[in-house]
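Summary of the model geometry
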Amino acid sequence: MNYLVAMEAAWLVRDVEDIDDAIGVAVSEAGKRLNEADMDYVEVEVGATGCPACGEPFDSAFIAADTALVGLVLEMEVFNAESTEHAQRIAKSEIGGALRDVPLKVVESFETETDEESEAEA
């Protein structure tokens, strides 16, 4: 079975004063490290955090002392996994190998259609 696995990554950006710059640097650096590992199939986006007061989502980034912590969401499709847990282990191993020393946490995973299922519906 095929699964889409989404993980949250905590990315540290030093010497930055602006949230937008921090987000841009974090996404760029993560993408560069994944591309160097031939993993251009991993989607990289900034994460969202709910406001504790109103509940509205905002970009997961915080700056203190010119150092930012940016929450990234990394999505990867895993093919031919035996179970959800197996797909999660594969994704975490693959992405973790390319992004050494970056904390990762699986936040969501779900089964996707296989090519045969798509063709049967057509």
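What counts as what
- Residues numbered from 1 in each chain as written.
- Predicted model: local features only at pLDDT ≥ 70, side-chain atom pairs only at ≥ 80, totals over all residues.
- Heavy atoms only, no water.
- Pairing = 2+ DSSP bridges.
- Helix = DSSP H or I, 4+ residues; strand = E, 2+ residues; numbered from the N terminus.
- Expected span 1.5 Å × (residues − 1).
- Buried < 20%, exposed > 50% of the residue type's maximum accessible area, 1.4 Å probe, protein only.
- Arc of directions from axis to C-beta.
- Contact = heavy atoms within 4.5 Å.
- Polar contact = N/O pair within 3.5 Å; in protein donor to acceptor, adjacent residues only side chain to side chain.
- Patch = residues over 30% accessible without salt bridge, like charges linked within 9 Å, V, L, I, M, F, W, Y side chains within 5 Å.
- Areas by Shrake-Rupley, 256 points an atom, 1.4 Å probe, with all protein chains shown as cover.
- Salt bridge = Lys/Arg side-chain N within 4 Å of Asp/Glu carboxyl O.
- Lys, Arg positive; Asp, Glu negative; His and termini not counted.
- Charge placed at Lys NZ, Arg CZ, Asp CG, Glu CD.

Attention now goes to the pairing of strand E6 (residues 67-78). Looking at chain direction, strand E1 (residues 2-14) and E6 are connected through 12 bridges and run antiparallel. From the neighbouring strand, Ala10 faces E6, where its bridge partner is Gly71. By the bridge criterion, 4 bridges tie strand E2 (residues 43-46) to E6 in an arrangement that is antiparallel. When the bridges of E6 are listed, Val44 appears paired with Leu74. Connecting strand E5 (residues 61-64) to the next strand, E6, in antiparallel fashion are 2 residues, including Ala65 with a positive phi near 55°.

An α-helical segment advances 3.6 residues per turn. Residues three or four places apart therefore align on the same side. Under the 1.5 Å per step criterion, the end-to-end length of helix H2 (residues 84-98) is 22 Å for 15 residues, consistent within 8% with the ideal 21 Å. For H2, every residue scored as buried is listed here: His86, Ala87, Ala91, Ile95 and Ala98. Along H2, the residues classed as buried sweep out an arc of 150° about the axis, all on the same side. Within H2, the exposed residues directed more than 90 degrees away from the buried face are Arg89 and Ser93. Buried residues belonging to H2 abut E1, helix H1 (19-36), E6 and strand E7 (104-112).

A few words on the side chain of Ser60. Among the secondary structure elements, Ser60 is positioned in the loop between strand E4 (57-59) and E5. The buried category is assigned to Ser60, whose relative accessible area is 11%. In terms of polar contacts, Ser60 uses its side chain to reach the side chain of Thr49, at 2.4 Å. Each residue touching Ser60, except ones within four places of it in the same chain, is listed here: Val46, Gly47, Ala48, Thr49, Leu69, Val70 and Gly71.

This next bit is on the pairing of E5. Bridge count between E5 and E6: 4 bridges; the pairing is antiparallel. If you follow Ala61 over to E6, its bridge partner there is Val70.

This next bit is on a negative patch on the surface. Together, Asp15, Glu17, Asp18, Asp20, Asp21, Asp59 and Asp66 make up a negatively charged patch on the protein surface. Along the chain, the position of Asp20 falls in helix H1.

All right, on to H1 then. Here H1 spans 26 Å end to end across 18 residues, near enough to the 26 Å set by a 1.5 Å rise per residue. Here the buried face of H1 lies against E1, E2, E4, E5, E6 and H2. Just downstream of H1, Asp38 is the residue with a positive phi angle, here 55°.

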